Amino acid sequence: MVKVPPNTYAHENQLLLAVDCVIFGYQDGELKLLIFKREVEPLAGQWSLIGRIVEKNEAIEEAAHKVLKDITGLDKVFLEQLYSFGSVSRDPGARVVSIVYWSLTQSTANQEIKIADHEAQWVSFNEIPQLVLDHNQMVKMAIEKLREYARYRPIGFELLPSQFTLPQLLKVYEAIYQRKIDDRNFRKKMLASGLLIKLDKKDKSTSKKGAFLYKFDRKKYKLLLQQGYWFEV
């Protein structure tokens, strides 16, 4: 057995590892991004994504989940690693490599009290300000990934409550793609997917006639998350 000498990497240059989270929320037919005022120098007080340095004894994904829960109060929501940003000059404060995660929440309304503690706010896609470092590039990449996923994974359901109407589901996909989608064609394709379970009750909040409520078939949903499907709109 080869004996490994102590402090094998002691002579190597040190760098910091961070996680940054691109958090998308959905409310009133609109997708929004969660940003906050950066709390550390350099660039303290400027708009930024949610993130922090990974602790020494902490797994990267564990750090991302903690950031999400600590800032928004959310747990067990969609969260996936997106990309790593490691340009040598990306952070003037130190040599920092950032692992970016992106997340989807069902509503922005429930996080208003929680995020107030961090000077955070939800902004519409067309109102995203200049963010620190390369965070705007991270957001752009996350939006592209969301739209890509919407074509071959039923990702839109992550933005809805457990029971919803077809018009509400349509608005989610219109928010994702930022354009109008043919209602009739959308309904036909979605009903043919086998993902929806029609309920024997209606949502009458927008009209006297109301619209039937649906829920998604969780078993079918998990299967399609693994296998994928094509849903062009």
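Predicted, not measured: the structure shown is a model, and the values here were computed from it.

Student: Teacher, can you tell me more about the overall build of the chain here?
Tutor: Scanning the chain for helices and strands turns up six helices and ten strands. Its C-alpha atoms give the chain principal-axis dimensions of about 70 × 50 × 25 Å. Expressed as a percentage of the 233 residues in the chain, the buried residues total 43%. The contacts of the chain with a sequence gap of at least 6 include a subset with a gap of at least 24, amounting to 66%. Here the chain displays about 13600 Å² of accessible surface, and carbon together with sulfur accounts for 50% of that area. In the chain, the 35 positive side-chain charges and the 29 negative ones have mean positions that sit 9 Å from each other.

Student: What exactly am I supposed to notice about the pattern of salt bridges here?
Tutor: On inspection of all chains with the given rule, the structure shows eight salt bridges. With its nearest N and O atoms 3.6 Å apart, the salt bridge here joins lysine 66 to glutamate 58. On the basis of relative accessibility, which here comes to 35%, the residue lysine 66 falls in the partly exposed class. Across the salt bridge formed by aspartate 134 and arginine 90, the nearest N and O atoms sit 2.8 Å from each other. Taken together, the positions of aspartate 134 in the loop between strand S7 (120-124) and helix H3 (135-152) and arginine 90 in the loop between strand S5 (78-85) and strand S6 (96-104) put the pair 44 residues apart, joining distant regions of the chain.

Student: How should unusual backbone geometry be read in this particular structure?
Tutor: When glycine is set aside, most residues are seen to have a negative phi, and most peptide bonds are trans. Geometrically, the link from glutamate 41 to proline 42 is a cis peptide bond, its omega value of 0° lying close to zero. Along the polypeptide, proline 42 turns up in the loop between strand S2 (30-37) and strand S3 (47-48).

Student: I'm lost on helix H1 (residues 60-72) in this one. Help?
Tutor: Helical periodicity: at 3.6 residues per turn, an α-helix aligns residues three or four positions apart in one direction. The first and last C-alpha atoms of H1 sit 18 Å apart over 13 residues, in line with the 18 Å expected at 1.5 Å per residue. Taken residue by residue, H1 has Ala63, Ala64, Val67, Leu68, Ile71 and Thr72 as its buried positions. Buried residues of H1, seen end-on, are gathered within an arc of 135° and therefore sit on one face of the element. Of the residues trailing H1, glycine 73 is marked for its positive phi of about 80°.

Student: Teacher, can you tell me more about the side chain of aspartate 91 here?
Tutor: With respect to the element layout, aspartate 91 can be found in the loop between S5 and S6. No salt bridge is formed by the buried aspartate 91. Its closest oppositely charged neighbour is arginine 38, at 4.1 Å.

Student: What am I meant to see in the packing of aromatic side chains here?
Tutor: Ring pairs (aromatic) are described by centroid distance and by the angle formed between their planes. Following the criterion strictly, the structure yields eight aromatic pairs and no others. On the basis of an interplanar angle of 70° and a centroid distance of 5.5 Å, the ring pair of tryptophan 102 and tyrosine 149 is categorised as edge-to-face. In this pair, tryptophan 102 is assigned in strand S6 and tyrosine 149 in helix H3, connecting sequence segments 47 residues apart. The same class applies to tryptophan 102 as to tyrosine 149, namely buried. A centroid spacing of 5.6 Å and a plane angle of 55° characterise the contact between tyrosine 173 and phenylalanine 186, whose relative ring orientation is tilted. You can see tyrosine 173 sitting in helix H4 (residues 166-177) and its partner phenylalanine 186 sitting in helix H5 (residues 183-192), a full 13 residues away along the chain. Here tyrosine 173 falls in the buried class, since its relative accessible area comes to 0%.

Student: What am I meant to see in the sheet that holds strand S8 (residues 164-165) here?
Tutor: Note on sheets: strands pair through backbone hydrogen bonds, and any given pair is parallel or antiparallel. Spatial ordering of the open sheet is given by S8-S10-S9, a layout of three strands whose pairing is antiparallel. At either margin of the open sheet sits one strand with a lone partner, and together these are S8 and strand S9 (196-203). As judged from the five bridges shared by S9 and strand S10 (residues 211-216), these two strands associate in the antiparallel manner. Looking at the pairing, lysine 202 lines up with phenylalanine 212 of S10.

Student: Please clarify how the environment of glutamate 174 should be interpreted in this entry.
Tutor: Among the secondary structure elements, glutamate 174 is positioned in helix H4. By relative accessible area, which is 13% here, glutamate 174 ends up buried. Taking the C-alpha atoms as reference points, glutamate 174 and arginine 38, separated by 136 residues in sequence, lie 31 Å from one another. In contact with glutamate 174, not counting residues within four places along its chain, are Arg179, Lys180 and Ile181.

Student: What's the story with a positive patch on the surface in this structure? I'm lost.
Tutor: A surface patch of positive charge is lined by Lys198, Lys202, Lys204 and Lys209. When you line up the elements, lysine 209 lands in the loop between S9 and S10.

Student: Could you clarify how one ought to interpret H4 in this entry?
Tutor: Over its twelve residues, H4 runs 17 Å from end to end, which matches the ideal 16 Å to within 8%, given 1.5 Å per residue. Listed as buried for H4 are Leu166, Leu169, Leu170, Val172, Tyr173, Glu174, Ala175, Ile176 and Tyr177. At the exit of H4 stands glutamine 178, carrying a positive phi of roughly 60°.

What counts and what doesn't
Residues numbered from 1 in each chain as written. Predicted model: local features only at pLDDT ≥ 70, side-chain atom pairs only at ≥ 80, totals over all residues. Heavy atoms only, no water. Helix = DSSP H or I, 4+ residues; strand = E, 2+ residues; numbered from the N terminus. Buried < 20%, exposed > 50% of the residue type's maximum accessible area, 1.4 Å probe, protein only. Contact = heavy atoms within 4.5 Å. Areas by Shrake-Rupley, 256 points an atom, 1.4 Å probe, with all protein chains shown as cover. Lys, Arg positive; Asp, Glu negative; His and termini not counted. Charge placed at Lys NZ, Arg CZ, Asp CG, Glu CD. Salt bridge = Lys/Arg side-chain N within 4 Å of Asp/Glu carboxyl O. Expected span 1.5 Å × (residues − 1). Arc of directions from axis to C-beta. Phe/Tyr/Trp six-rings, centres within 6.5 Å; stacked < 30°, edge-to-face > 60°. Pairing = 2+ DSSP bridges. Patch = residues over 30% accessible without salt bridge, like charges linked within 9 Å, V, L, I, M, F, W, Y side chains within 5 Å.

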